[in-house]
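Breakdown of the fold
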Amino acid sequence: MQTNYIIRGFGHYAPERVLTNADLEKIVDTTDEWITSRTGIKQRHIVAEGESASDMAAQAARQALAEAGMEPAELTHIVVATFTPDSMIPSTACVLQSKLGISGQMCVDVSAACSGFLYALQTARGYLALEPEAKVLVVAAEVISRRTNWDDRATCVLFGDAAGAVVLTGGGEDERPRLLDMMLAADGSLGDLLTVHGGGSAYAYKMGEPVGPEYFVQMQGRETFKHAVRNMTSICEALLERHGVGKSEIDVLLPHQANWRIIDAVGRKFEIPPEKVFANIDRYANTSAASIPVALSEAVKTGFIKPGDLVLLTSFGGGFTWGSALVRF
Ligand code: UT7
(Lines give C-alpha, C1' and ligand atoms only; values in the text may rest on other atoms or scores of the structure.)
Protein backbone atom coordinates (compact mmCIF):
# COMPACT_ATOMS: atom_id res chain seq x y z
CA MET A 1 0.00 0.00 0.00
CA GLN A 2 1.18 3.51 -0.79
CA THR A 3 2.11 5.48 2.32
CA ASN A 4 4.11 8.34 0.81
CA TYR A 5 1.92 11.11 -0.57
CA ILE A 6 3.92 13.73 -2.45
CA ILE A 7 2.56 17.10 -3.61
CA ARG A 8 4.24 17.62 -6.99
CA GLY A 9 3.00 21.07 -7.95
CA PHE A 10 0.89 24.01 -6.80
CA GLY A 11 -1.31 26.31 -8.87
CA HIS A 12 -3.75 29.12 -8.23
CA TYR A 13 -5.88 31.51 -10.18
CA ALA A 14 -8.15 34.44 -9.38
CA PRO A 15 -10.25 36.39 -11.88
CA GLU A 16 -8.97 39.74 -13.08
CA ARG A 17 -11.85 41.85 -11.75
CA VAL A 18 -11.39 43.14 -8.21
CA LEU A 19 -14.22 44.40 -6.00
CA THR A 20 -12.93 46.57 -3.14
CA ASN A 21 -14.65 47.43 0.12
CA ALA A 22 -15.13 50.93 -1.27
CA ASP A 23 -16.99 49.40 -4.23
CA LEU A 24 -19.23 47.50 -1.79
CA GLU A 25 -20.02 50.70 0.11
CA LYS A 26 -21.88 51.74 -3.06
CA ILE A 27 -23.90 48.48 -3.21
CA VAL A 28 -24.97 47.84 0.41
CA ASP A 29 -25.10 49.64 3.74
CA THR A 30 -21.54 48.86 4.86
CA THR A 31 -18.18 50.52 5.39
CA ASP A 32 -14.58 49.66 4.69
CA GLU A 33 -13.97 50.15 8.41
CA TRP A 34 -16.60 47.53 9.41
CA ILE A 35 -15.43 44.95 6.88
CA THR A 36 -11.73 45.44 7.67
CA SER A 37 -12.10 45.41 11.45
CA ARG A 38 -14.55 42.48 11.58
CA THR A 39 -12.97 40.27 8.90
CA GLY A 40 -9.59 41.55 7.66
CA ILE A 41 -10.93 41.63 4.09
CA LYS A 42 -10.00 44.58 1.82
CA GLN A 43 -10.97 43.20 -1.60
CA ARG A 44 -12.16 40.09 -3.45
CA HIS A 45 -11.90 38.80 -7.03
CA ILE A 46 -15.07 38.31 -9.08
CA VAL A 47 -15.46 36.22 -12.24
CA ALA A 48 -16.04 37.84 -15.61
CA GLU A 49 -19.28 37.22 -17.45
CA GLY A 50 -19.13 33.73 -18.93
CA GLU A 51 -16.24 32.65 -16.67
CA SER A 52 -17.01 29.50 -14.70
CA ALA A 53 -15.59 27.34 -11.90
CA SER A 54 -14.12 24.93 -14.46
CA ASP A 55 -12.41 27.81 -16.34
CA MET A 56 -10.67 28.87 -13.16
CA ALA A 57 -9.96 25.25 -12.24
CA ALA A 58 -8.27 24.73 -15.61
CA GLN A 59 -5.99 27.74 -15.08
CA ALA A 60 -4.94 26.57 -11.61
CA ALA A 61 -4.57 22.95 -12.80
CA ARG A 62 -2.33 23.87 -15.76
CA GLN A 63 -0.06 25.81 -13.39
CA ALA A 64 0.14 22.91 -10.91
CA LEU A 65 0.83 20.41 -13.72
CA ALA A 66 3.54 22.63 -15.21
CA GLU A 67 5.18 22.95 -11.78
CA ALA A 68 4.98 19.17 -11.39
CA GLY A 69 6.57 18.74 -14.84
CA MET A 70 3.62 16.62 -15.91
CA GLU A 71 1.38 16.47 -18.96
CA PRO A 72 -2.39 16.36 -18.32
CA ALA A 73 -2.53 12.96 -20.05
CA GLU A 74 -0.39 11.45 -17.27
CA LEU A 75 -3.20 11.99 -14.74
CA THR A 76 -5.24 9.01 -13.55
CA HIS A 77 -7.85 10.82 -11.40
CA ILE A 78 -9.36 14.30 -11.22
CA VAL A 79 -11.03 15.43 -7.98
CA VAL A 80 -12.71 18.84 -7.82
CA ALA A 81 -13.91 20.37 -4.55
CA THR A 82 -16.66 22.94 -5.03
CA PHE A 83 -20.05 24.01 -3.75
CA THR A 84 -20.48 26.19 -6.84
CA PRO A 85 -20.13 23.63 -9.65
CA ASP A 86 -20.62 24.66 -13.27
CA SER A 87 -23.80 22.55 -13.27
CA MET A 88 -25.46 19.61 -11.48
CA ILE A 89 -24.59 17.36 -14.44
CA PRO A 90 -21.91 17.00 -15.74
CA SER A 91 -19.62 17.28 -12.74
CA THR A 92 -17.09 20.11 -12.78
CA ALA A 93 -14.33 17.45 -12.73
CA CYS A 94 -15.64 16.08 -16.05
CA VAL A 95 -15.85 19.57 -17.56
CA LEU A 96 -12.32 20.29 -16.34
CA GLN A 97 -11.04 17.05 -17.86
CA SER A 98 -12.46 18.06 -21.21
CA LYS A 99 -10.95 21.57 -20.92
CA LEU A 100 -7.56 19.98 -20.22
CA GLY A 101 -7.99 18.07 -23.50
CA ILE A 102 -7.83 14.60 -21.95
CA SER A 103 -10.19 11.69 -21.36
CA GLY A 104 -10.35 8.34 -19.58
CA GLN A 105 -9.44 9.48 -16.04
CA MET A 106 -11.84 8.92 -13.16
CA CYS A 107 -13.48 12.31 -12.45
CA VAL A 108 -15.47 13.26 -9.37
CA ASP A 109 -16.67 16.35 -7.48
CA VAL A 110 -16.43 16.54 -3.70
CA SER A 111 -18.88 18.67 -1.71
CA ALA A 112 -17.69 19.76 1.72
CA ALA A 113 -18.01 23.56 1.42
CA CYS A 114 -14.95 25.37 2.82
CA SER A 115 -13.37 22.08 3.90
CA GLY A 116 -13.69 20.79 0.35
CA PHE A 117 -9.99 20.93 -0.49
CA LEU A 118 -8.92 18.88 2.54
CA TYR A 119 -11.75 16.40 1.89
CA ALA A 120 -10.63 16.15 -1.76
CA LEU A 121 -7.03 15.63 -0.69
CA GLN A 122 -8.10 12.79 1.61
CA THR A 123 -10.10 11.30 -1.29
CA ALA A 124 -6.95 11.47 -3.42
CA ARG A 125 -4.97 9.71 -0.68
CA GLY A 126 -7.56 6.96 -0.77
CA TYR A 127 -7.12 6.50 -4.53
CA LEU A 128 -3.35 6.39 -4.08
CA ALA A 129 -3.65 3.81 -1.31
CA LEU A 130 -5.63 1.63 -3.72
CA GLU A 131 -3.49 2.39 -6.79
CA PRO A 132 0.08 3.33 -5.84
CA GLU A 133 0.86 4.50 -9.39
CA ALA A 134 -2.07 6.97 -9.43
CA LYS A 135 -1.44 10.61 -10.31
CA VAL A 136 -4.28 12.64 -8.87
CA LEU A 137 -5.16 16.21 -9.79
CA VAL A 138 -6.87 17.85 -6.81
CA VAL A 139 -8.54 21.18 -7.57
CA ALA A 140 -10.82 23.49 -5.61
CA ALA A 141 -12.75 26.13 -7.54
CA GLU A 142 -15.49 28.46 -6.34
CA VAL A 143 -17.64 31.07 -8.07
CA ILE A 144 -19.31 32.28 -4.89
CA SER A 145 -20.22 35.61 -6.49
CA ARG A 146 -22.99 33.78 -8.37
CA ARG A 147 -24.32 32.34 -5.10
CA THR A 148 -24.13 35.66 -3.23
CA ASN A 149 -27.18 37.66 -2.20
CA TRP A 150 -25.89 41.13 -3.04
CA ASP A 151 -28.69 42.66 -0.91
CA ASP A 152 -27.47 40.88 2.25
CA ARG A 153 -24.66 42.91 3.79
CA ALA A 154 -24.04 40.19 6.39
CA THR A 155 -22.78 37.78 3.72
CA CYS A 156 -22.04 39.64 0.47
CA VAL A 157 -18.91 41.32 1.84
CA LEU A 158 -17.33 38.02 2.89
CA PHE A 159 -16.70 35.97 -0.23
CA GLY A 160 -14.64 35.92 -3.41
CA ASP A 161 -13.96 33.73 -6.47
CA ALA A 162 -10.77 31.71 -7.05
CA ALA A 163 -9.29 28.29 -7.75
CA GLY A 164 -6.29 26.36 -6.46
CA ALA A 165 -4.76 23.04 -7.45
CA VAL A 166 -2.15 20.44 -6.53
CA VAL A 167 -0.98 17.17 -8.04
CA LEU A 168 -0.70 14.29 -5.56
CA THR A 169 1.30 11.16 -6.35
CA GLY A 170 3.19 8.45 -4.55
CA GLY A 171 6.94 8.72 -4.02
CA GLY A 172 9.99 7.86 -1.97
CA GLU A 173 10.59 8.41 1.75
CA ASP A 174 12.84 11.40 1.15
CA GLU A 175 10.65 13.21 -1.40
CA ARG A 176 9.01 16.52 -0.46
CA PRO A 177 6.56 18.20 0.03
CA ARG A 178 5.08 15.20 1.75
CA LEU A 179 1.54 15.00 3.08
CA LEU A 180 2.20 13.34 6.43
CA ASP A 181 -1.25 12.94 7.93
CA MET A 182 -4.80 14.27 7.88
CA MET A 183 -7.94 14.26 10.02
CA LEU A 184 -11.46 15.19 8.90
CA ALA A 185 -14.75 15.52 10.74
CA ALA A 186 -18.33 16.74 10.31
CA ASP A 187 -21.48 17.46 12.31
CA GLY A 188 -24.53 17.39 10.06
CA SER A 189 -26.84 18.41 12.90
CA LEU A 190 -25.47 21.97 12.56
CA GLY A 191 -25.98 22.13 8.81
CA ASP A 192 -28.67 24.82 8.92
CA LEU A 193 -26.24 27.44 10.21
CA LEU A 194 -24.61 27.79 6.77
CA THR A 195 -26.62 26.89 3.68
CA VAL A 196 -27.42 27.22 0.00
CA HIS A 197 -30.71 25.30 -0.13
CA GLY A 198 -32.10 26.50 -3.46
CA GLY A 199 -31.61 24.12 -6.37
CA GLY A 200 -31.41 21.08 -4.09
CA SER A 201 -33.99 18.29 -4.47
CA ALA A 202 -35.28 18.69 -0.91
CA TYR A 203 -36.51 22.16 -1.90
CA ALA A 204 -39.06 21.78 -4.68
CA TYR A 205 -39.32 24.53 -7.25
CA LYS A 206 -41.11 24.86 -10.52
CA MET A 207 -40.28 26.39 -13.87
CA GLY A 208 -41.01 30.09 -13.95
CA GLU A 209 -40.87 30.53 -10.17
CA PRO A 210 -38.73 33.42 -8.93
CA VAL A 211 -35.34 32.72 -7.37
CA GLY A 212 -35.44 33.58 -3.64
CA PRO A 213 -32.76 34.21 -1.01
CA GLU A 214 -32.51 30.45 -0.35
CA TYR A 215 -30.61 30.14 -3.65
CA PHE A 216 -27.75 32.12 -2.14
CA VAL A 217 -25.38 31.70 0.79
CA GLN A 218 -27.17 32.15 4.10
CA MET A 219 -25.11 32.09 7.30
CA GLN A 220 -25.55 32.65 11.00
CA GLY A 221 -22.16 34.29 11.29
CA ARG A 222 -21.72 34.51 15.04
CA GLU A 223 -22.58 30.86 15.70
CA THR A 224 -20.45 29.73 12.77
CA PHE A 225 -17.53 31.77 14.10
CA LYS A 226 -17.61 30.00 17.49
CA HIS A 227 -17.77 26.54 15.96
CA ALA A 228 -14.99 27.40 13.51
CA VAL A 229 -12.49 28.37 16.22
CA ARG A 230 -13.44 25.48 18.51
CA ASN A 231 -13.34 22.75 15.87
CA MET A 232 -10.26 23.91 13.98
CA THR A 233 -8.40 24.05 17.27
CA SER A 234 -9.54 20.63 18.49
CA ILE A 235 -8.84 18.81 15.21
CA CYS A 236 -5.37 20.37 14.99
CA GLU A 237 -4.65 19.32 18.57
CA ALA A 238 -5.82 15.79 17.80
CA LEU A 239 -3.67 15.56 14.67
CA LEU A 240 -0.55 16.86 16.42
CA GLU A 241 -1.08 14.41 19.25
CA ARG A 242 -1.61 11.47 16.87
CA HIS A 243 1.50 12.44 14.97
CA GLY A 244 3.59 13.12 18.09
CA VAL A 245 4.30 16.73 17.08
CA GLY A 246 4.56 19.59 19.60
CA LYS A 247 3.16 23.09 18.94
CA SER A 248 6.67 24.52 18.88
CA GLU A 249 7.63 22.27 15.95
CA ILE A 250 5.15 23.94 13.57
CA ASP A 251 6.91 26.29 11.18
CA VAL A 252 3.82 27.63 9.38
CA LEU A 253 0.10 27.64 10.21
CA LEU A 254 -2.01 27.94 7.08
CA PRO A 255 -5.73 28.03 7.97
CA HIS A 256 -8.83 28.42 5.84
CA GLN A 257 -9.27 32.13 5.13
CA ALA A 258 -12.76 32.95 6.46
CA ASN A 259 -12.03 35.75 8.88
CA TRP A 260 -8.76 37.25 10.15
CA ARG A 261 -10.11 37.06 13.71
CA ILE A 262 -10.62 33.28 13.33
CA ILE A 263 -7.13 32.84 11.83
CA ASP A 264 -5.65 34.90 14.67
CA ALA A 265 -7.59 33.02 17.37
CA VAL A 266 -6.39 29.62 16.08
CA GLY A 267 -2.81 30.92 15.84
CA ARG A 268 -2.96 32.13 19.48
CA LYS A 269 -4.31 28.79 20.73
CA PHE A 270 -1.23 27.11 19.22
CA GLU A 271 1.11 29.91 20.39
CA ILE A 272 2.22 30.45 16.81
CA PRO A 273 3.56 33.99 16.27
CA PRO A 274 1.67 36.03 13.63
CA GLU A 275 4.70 36.06 11.32
CA LYS A 276 4.37 32.26 11.02
CA VAL A 277 0.65 32.39 10.20
CA PHE A 278 -0.12 32.68 6.49
CA ALA A 279 -3.01 34.98 5.59
CA ASN A 280 -4.12 36.40 2.24
CA ILE A 281 -7.76 37.05 3.23
CA ASP A 282 -7.18 40.79 2.75
CA ARG A 283 -6.78 40.24 -1.02
CA TYR A 284 -9.09 37.28 -1.74
CA ALA A 285 -11.77 37.26 1.02
CA ASN A 286 -13.27 33.84 1.75
CA THR A 287 -12.99 31.65 -1.36
CA SER A 288 -14.39 28.58 0.43
CA ALA A 289 -12.77 25.34 -0.79
CA ALA A 290 -10.26 27.30 -2.88
CA SER A 291 -8.84 29.23 0.06
CA ILE A 292 -6.31 26.63 1.27
CA PRO A 293 -4.85 25.64 -2.14
CA VAL A 294 -4.66 29.31 -3.22
CA ALA A 295 -2.90 30.17 0.04
CA LEU A 296 -0.57 27.16 -0.26
CA SER A 297 0.39 28.05 -3.82
CA GLU A 298 1.06 31.69 -2.85
CA ALA A 299 2.97 30.72 0.29
CA VAL A 300 5.23 28.40 -1.71
CA LYS A 301 5.79 30.83 -4.60
CA THR A 302 6.57 33.80 -2.33
CA GLY A 303 8.96 31.79 -0.13
CA PHE A 304 6.73 32.14 2.97
CA ILE A 305 6.95 28.35 3.16
CA LYS A 306 10.56 27.14 2.91
CA PRO A 307 12.06 23.72 2.23
CA GLY A 308 12.07 21.73 5.47
CA ASP A 309 9.10 23.58 7.00
CA LEU A 310 6.43 21.64 8.86
CA VAL A 311 3.11 23.19 7.79
CA LEU A 312 -0.20 22.76 9.61
CA LEU A 313 -3.34 23.24 7.49
CA THR A 314 -6.83 23.54 8.93
CA SER A 315 -10.29 24.22 7.57
CA PHE A 316 -13.89 24.76 8.66
CA GLY A 317 -17.03 25.10 6.59
CA GLY A 318 -20.69 24.41 5.95
CA GLY A 319 -22.00 21.01 6.87
CA PHE A 320 -20.41 21.66 9.35
CA THR A 321 -17.18 20.10 8.12
CA TRP A 322 -13.65 20.62 9.36
CA GLY A 323 -10.19 19.16 9.07
CA SER A 324 -6.45 19.41 9.58
CA ALA A 325 -3.36 18.23 7.71
CA LEU A 326 0.39 18.16 8.23
CA VAL A 327 2.77 18.68 5.31
CA ARG A 328 6.57 18.46 5.47
CA PHE A 329 8.15 20.68 2.79
O1 UT7 B 1 -15.95 29.82 5.64
C2 UT7 B 1 -16.93 29.09 6.31
C3 UT7 B 1 -17.07 29.49 7.70
N4 UT7 B 1 -17.41 30.88 7.83
C5 UT7 B 1 -17.00 31.52 8.90
O6 UT7 B 1 -16.27 30.95 9.66
C7 UT7 B 1 -17.51 32.91 9.13
C8 UT7 B 1 -17.79 33.07 10.60
N9 UT7 B 1 -18.38 34.34 10.99
C10 UT7 B 1 -17.77 35.54 10.89
O11 UT7 B 1 -16.69 35.64 10.34
C12 UT7 B 1 -18.42 36.73 11.54
O13 UT7 B 1 -19.48 36.28 12.35
C14 UT7 B 1 -18.97 37.76 10.51
C15 UT7 B 1 -17.81 38.51 9.87
C16 UT7 B 1 -19.81 37.08 9.47
C17 UT7 B 1 -19.82 38.80 11.24
O18 UT7 B 1 -19.09 39.42 12.29
P19 UT7 B 1 -19.73 39.58 13.74
O20 UT7 B 1 -18.78 40.30 14.56
O21 UT7 B 1 -20.13 38.18 14.19
O22 UT7 B 1 -20.98 40.50 13.47
P23 UT7 B 1 -22.54 40.19 13.65
O24 UT7 B 1 -23.03 39.29 12.59
O25 UT7 B 1 -22.82 39.81 15.05
O26 UT7 B 1 -23.12 41.63 13.41
C27 UT7 B 1 -22.78 42.75 14.25
C28 UT7 B 1 -23.44 44.00 13.72
C29 UT7 B 1 -24.92 43.83 13.48
O30 UT7 B 1 -25.54 45.05 13.81
P31 UT7 B 1 -26.28 45.25 15.26
O32 UT7 B 1 -27.33 44.18 15.29
O33 UT7 B 1 -25.20 45.05 16.27
O34 UT7 B 1 -26.80 46.64 15.16
C35 UT7 B 1 -25.03 43.62 12.00
O36 UT7 B 1 -26.26 44.03 11.47
O37 UT7 B 1 -22.87 44.35 12.45
C38 UT7 B 1 -23.93 44.50 11.49
N39 UT7 B 1 -23.41 44.11 10.19
C40 UT7 B 1 -22.80 44.96 9.35
N41 UT7 B 1 -22.53 46.27 9.45
C42 UT7 B 1 -21.88 46.84 8.43
C43 UT7 B 1 -23.42 42.87 9.62
N44 UT7 B 1 -22.82 42.91 8.41
C45 UT7 B 1 -22.43 44.19 8.23
C46 UT7 B 1 -21.76 44.86 7.18
N47 UT7 B 1 -21.51 46.17 7.32
N48 UT7 B 1 -21.35 44.22 6.06
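Residues numbered from 1 in each chain as written. Predicted model: local features only at pLDDT ≥ 70, side-chain atom pairs only at ≥ 80, totals over all residues. Heavy atoms only, no water.

Examining the packing of aromatic side chains
Selection criterion: Only centres within 6.5 Å qualify two rings of Phe, Tyr or Trp (six-membered ring in Trp) as a pair; their planes then separate them into stacked at under 30 degrees, edge-to-face at over 60, and tilted for everything else. Three labels apply to residues, based on accessible area from a 1.4 Å probe with only protein chains included: buried if under 20% of the type maximum, exposed if over 50%, partly exposed otherwise in between.
Scanning the model with the defined rule gives five aromatic pairs in all. Between Phe316 and Phe320, the ring centres sit 4.7 Å apart and the planes meet at 55°, which makes this aromatic pair tilted. For the pair shown, Phe316 and Phe320 are each scored as buried. An aromatic cluster is defined as three or more aromatic residues linked by ring pairs; in this entry it consists of Phe316, Phe320 and Trp322.

Things to note about unusual backbone geometry
A negative phi angle is the norm for most residues apart from glycine, just as the trans form is the norm for most peptide bonds. For clarity, the threshold we go by: The numbering of helices and of strands both runs from the N terminus, where a helix is a DSSP run of H or I of at least 4 residues and a strand a run of E of at least 2.
The omega torsion across Ile89 and Pro90 is 0°, close enough to zero to call that bond cis. A cis amide bond, omega -15°, links Gly319 with the succeeding residue Phe320. Its location among the elements puts Phe320 in the loop between strand E12 (310-317) and strand E13 (321-328). Within the chain, Glu271 stands out as a residue other than glycine whose phi angle is a positive 55°. Relative to the helices and strands, Glu271 resides in the loop between helix H8 (260-269) and helix H9 (281-284). One non-glycine residue, Ser288, adopts positive backbone phi at about 50°. Within the fold, Ser288 resides in the loop between H9 and helix H10 (291-301). On the basis of relative accessible area, Ser288 is assigned to the buried category, the value being 1%.

A look at the packing of helix H7 (residues 221-243) against H8
For clarity, the threshold we go by: Here, axes are lines fitted to C-alpha atoms. For helices the fit covers the stretch in contact, and angles between N-to-C directions go from 0 to 180 degrees. Here a crossing is taken to be left-handed if its near helix is turned anticlockwise relative to the far helix by less than a right angle, and right-handed if that turn runs clockwise. Contacts were defined at the residue level, with two residues in contact if any of their heavy atoms lie within 4.5 Å.
Taken N-terminus to C-terminus, the directions of H7 and H8 make an angle of 30°; their axes are 10 Å apart at the nearest point. Relative to H8, the crossing made by H7 is right-handed. Residues Phe225, Ala228, Val229, Met232 and Thr233 of H7 touch H8, and the partners they reach there are Arg261, Ile262, Ala265, Val266 and Lys269.

Focus: the domain arrangement of the protein chain
Heads up, the rule is: Residue ranges for the domains trace back to a domain assignment, done automatically or taken from a database. Buried area: the accessible surface (1.4 Å probe) lost by two parts on joining, summed over both. Think of a salt bridge as a Lys or Arg side-chain nitrogen and an Asp or Glu carboxyl oxygen that are within 4 Å of each other. Whenever two N or O atoms come within 3.5 Å, that pair is a polar contact, provided that in protein one can donate a hydrogen and the other can accept it, and provided that, for residues adjacent in sequence, both atoms are side-chain atoms. Each residue is assigned to one of three groups, with Ala, Val, Leu, Ile, Met, Phe, Trp, Tyr, Cys and Pro labelled nonpolar, Asp, Glu, Lys and Arg labelled charged, and all others, Gly among them, labelled polar.
Once the domains are mapped, the protein chain shows domain 1 (5-175) and domain 2 (179-328). Placing the centre of domain 1 and that of domain 2 at their C-alpha centroids yields a distance of 14 Å. Considering only the side of domain 1, the residues that lose the most area to domain 2 are Cys114, Leu118 and Arg147, jointly responsible for 18% of the buried surface there. Taken together, domain 1 and domain 2 are joined by one salt bridge. Ionic pairing is found between Lys301 and Glu67, a salt bridge with its closest N-O pair at 2.7 Å. Applying the counting rule to domain 1 against domain 2 returns 23 residue pairs in polar contact (both at pLDDT 80 or more). Elements with a minimum of two residues in the side of domain 1 that touches domain 2: strand E1 (6-13), helix H2 (32-39), strand E3 (43-46), helix H3 (53-68), helix H5 (116-130), strand E6 (135-142) and strand E7 (162-169). Residues that form the side of domain 1 that touches domain 2 fall into these classes: 23 nonpolar, 16 polar and nine charged.

Focus on the pattern of salt bridges
Scanning the entire structure with this criterion turns up 11 salt bridges. With a shortest N-O distance of 3.5 Å, Arg153 and Asp29 are connected by a salt bridge. Linking Arg153 in helix H6 (residues 153-156) with Asp29 in the loop between helix H1 (21-25) and H2, this pair joins segments that are 124 residues apart in sequence. On the accessibility criterion, Arg153 (47% relative accessible area) is partly exposed.

Quick word on the environment of Val167
You can see Val167 is positioned in strand E7. Judged by relative accessible area, which is 0%, Val167 ranks as buried. Separated by 124 residues in sequence, Val167 and Gln43 have C-alpha atoms that sit 29 Å apart. The residues touching Val167, leaving out its near neighbours within four places in the chain, are Ile6, Ile7, Arg8, Gly9, Ala64, Leu65, Ala68, Met70, Leu75, Val136 and Leu137.

Topic: the nonpolar core
Heads up, the condition is: Buried residues of nine kinds, namely Ala, Val, Leu, Ile, Met, Phe, Trp, Tyr and Cys, make up a nonpolar core once their side-chain atoms join them within 4.5 Å.
Of all hydrophobic cores here, the largest spans 40 residues; its most connected members are Phe117, Leu254, Leu296 and Leu313. The dominant element in this core, judged by the number of residues it contributes, is H5, at seven residues. Both of domain 1 (5-175) and domain 2 (179-328) provide at least three residues apiece to this core. Beyond its immediate stretch of four places on either side in the chain, Leu313 contacts Leu118, Cys236, Leu254, Ile292, Leu296, Gly323, Ser324, Ala325 and Val327. Among the nonpolar cores identified, the runner-up in size contains 39 residues, and Val217, Met232, Ile272 and Ala285 belong to it.

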